[in-house]
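Here is how the chains run, residue by residue.
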Number of protein chains: 2
Amino acid sequence: MNLDKKVSLAVIKRLPRYYRFLGDLLDNGITRISSKDLSSKMNVTASQIRQDLNNFGCFGQQGYGYNVELLYKEIKNILGLGKDYNLIVIGAGNLGQALLNYGSFEKRGFRFVGIFDINPIIVGTNIREIKVSDMADLPQFLKSTNVDIAVLTVPKNNAIEVTKIIVKNNIKGIWNFSNIELNVPEGTIVENVHLTDSLMTLTYKFNSSYDILDF
Amino acid sequence: MNLDKKVSLAVIKRLPRYYRFLGDLLDNGITRISSKDLSSKMNVTASQIRQDLNNFGCFGQQGYGYNVELLYKEIKNILGLGKDYNLIVIGAGNLGQALLNYGSFEKRGFRFVGIFDINPIIVGTNIREIKVSDMADLPQFLKSTNVDIAVLTVPKNNAIEVTKIIVKNNIKGIWNFSNIELNVPEGTIVENVHLTDSLMTLTYKFNSSYDILDF
């Protein structure tokens, strides 16, 4: 950790969006873009983009614009996407299956290596060529397989117990869909997905008399 | 729209989190909380909480703390949760089914009134007592039923066409899981859920040498 350098979460949350847009530009054969054009395509001010990128070094030149491929690669590295990750899904319900079936993850280097459930009707069936394992086999699996990220799609009530098993087996990343805040030791990283929060942002915009700044 | 008052999206994104926490406090019978206690529970600075809430008026008194129920109700209203919403799901795949089966939405006043798909194997079956309708019937349904929000869980390639139908029928809210930016007329509100972005935030934290500010 470099304690002299702090980056706000708002900036970090914008990086994947830059990354997606730059990837689309590359797919369309665009190799150079002015900060003004990038800004109008992304609906963020040019100064915001410059400020965001300046957190990580200088990627553009005044009057010259951005080299799309270079910027794409830099952001890819900042986001830690220069390598592959092994994921397991815990909870083989609709959401767990949806995530496993979602092709975009693999393109970005996220590889699913296991899926677990307690339901005997589901255990033993295949989801996208991965056999659903019994939750009872999870600790042994974690000991014998390199797993970077556990995706939690279990109900709220089971999340704490499952987290204990994950943490005990030194899994460092939890992508948590279980709608409960998890207590984990330092060094374990939890990224929460609260779908209801996103829906509330929508209803806020429906009803608000306030203008919204930023994107 | 009140053009004199602008609230940043970062603030708005924190409101659902305050709302969830205050709801939990109420469930536990806690009626008053100091900004310091709220801050330590939420892992946000007390000054951040005060600043956020000041955007919408003054909810606390120096040395007196927050009235939990009052603050909960105020945030509920700010978020537009004082009324019910009718939702339809377009795309009855795993993700669409997962959302329909997710009990928490209804508790907050989000009521699913229809689900649509093009797959003849799924059309006509029931998901949680709601019959899956054929996409061809969508325009007629939208004309005869009050729908506030369309949830898009169709593949990227179908999203633009479906959006045209939705917009043409004056649906004002789109909750978009289709991983494509939608062009909609002014007055239509789109809230995008980019699951991959969330996963990239996790890998960023895995790899970064930068400290992260805020929550």
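Thresholds applied
Residues numbered from 1 in each chain as written. Chains lettered and ligands numbered in written order. Predicted model: local features only at pLDDT ≥ 70, side-chain atom pairs only at ≥ 80, totals over all residues. Heavy atoms only, no water. Least-squares fit on C-alpha atoms with pLDDT ≥ 70 in both. Pairing = 2+ DSSP bridges. Helix = DSSP H or I, 4+ residues; strand = E, 2+ residues; numbered from the N terminus. Contact = heavy atoms within 4.5 Å. Axes fitted to C-alpha atoms, helices over the stretch in contact; angles between N-to-C directions. Buried < 20%, exposed > 50% of the residue type's maximum accessible area, 1.4 Å probe, protein only. Arc of directions from axis to C-beta. Polar contact = N/O pair within 3.5 Å; in protein donor to acceptor, adjacent residues only side chain to side chain. Phe/Tyr/Trp six-rings, centres within 6.5 Å; stacked < 30°, edge-to-face > 60°.

Undergrad: Please explain the relation of the copies chain A and chain B as it appears in this structure.
TA: Of the two same-sequence chains, chain A is brought onto chain B (RMSD 0.0 Å, axial shift 0.0 Å) by a rotation of 180°. What the superposition gives is, in effect, a two-fold axis relating one chain to the other. Looking at the rotation axis and the C-alpha trace of chain A, the residue lying nearest is A:Asn94, at 2.5 Å.

Undergrad: Help me out: how do you make sense of the sheet that holds strand β11 (residues 189-192) of chain A in this one?
TA: Hydrogen bonding along the main chain pairs the strands of a sheet, whether they run parallel or antiparallel. Residues and elements named next belong to chain A. Taken together, the 7 strands give an open sheet; going across it, the order is β7-β8-β6-β5-β9-β10-β11, and neighbouring strands pair in mixed fashion. Edge positions in the sheet fall to β7 (126-127) and β11, since each of these pairs with one other strand and no more. As paired elements, strand β10 (residues 173-176) and β11 share 4 bridges and run parallel to each other. Looking across to β11, one finds that Trp-175 is bridged to Glu-191. Most of the contacts of helix α8 (residues 156-168) go to strand β9 (residues 149-152), to which it runs at about 170°, and overall it touches β5 (85-90), β9 and β10.

Undergrad: Can you help me understand helix α4 (residues 68-78) of chain A in this one?
TA: Residue and element names in this part refer to chain A. Within the sequence span of α4, burial applies to Val-68, Leu-71, Ile-75 and Ile-78. Buried residues of α4 fall within an arc of 95° about the axis and therefore sit on the same side. Capping of α4 at its N-terminal end is provided by Asn-67; its side-chain oxygen lies 3.1 Å from the backbone amide nitrogen of Glu-69. Just downstream of α4, Gly-80 is the residue with a positive phi angle, here 75°.

Undergrad: Which parts of the structure should I look at to understand the environment of B:Gly173?
TA: By secondary structure assignment, the location of B:Gly173 is in strand β10 (residues 173-176). On a C-alpha basis, the gap between B:Gly173 and B:Asn28 in space is 34 Å, while along the polypeptide they are 145 residues apart. Residues contacting B:Gly173, with those up to four places away along its chain left out, are A:Leu202, A:Phe206, B:Asp148, B:Ile149, B:Ala150 and B:Ile189.

Undergrad: How should I be thinking about the packing of aromatic side chains in this particular structure?
TA: With the rule as written, the count across this model stands at 18 aromatic pairs over all chains. On the numbers, 6.4 Å between centres and 85° between planes, the contact of A:Phe56 with B:Tyr204 is edge-to-face. Highlighted residues: A:Phe56 in the loop between α3 (46-54) and β3 (60-61) and B:Tyr204 in helix α9 (residues 195-207), drawn from two different chains. Both residues of the pair, A:Phe56 and B:Tyr204, count as buried. Geometrically, the ring pair formed by A:Tyr85 and A:Phe110 is stacked, given 5.6 Å between the ring centres and 20° between the ring planes. In this pair, A:Tyr85 sits in strand β5 while A:Phe110 sits in strand β6 (residues 110-117), placing the two residues 25 residues apart along the sequence. By relative accessible area, which is 0% here, A:Phe110 ends up buried. Grouping aromatic residues by their ring pairs yields a cluster made of A:Tyr102, A:Phe105, A:Phe112, A:Trp175 and A:Phe177.

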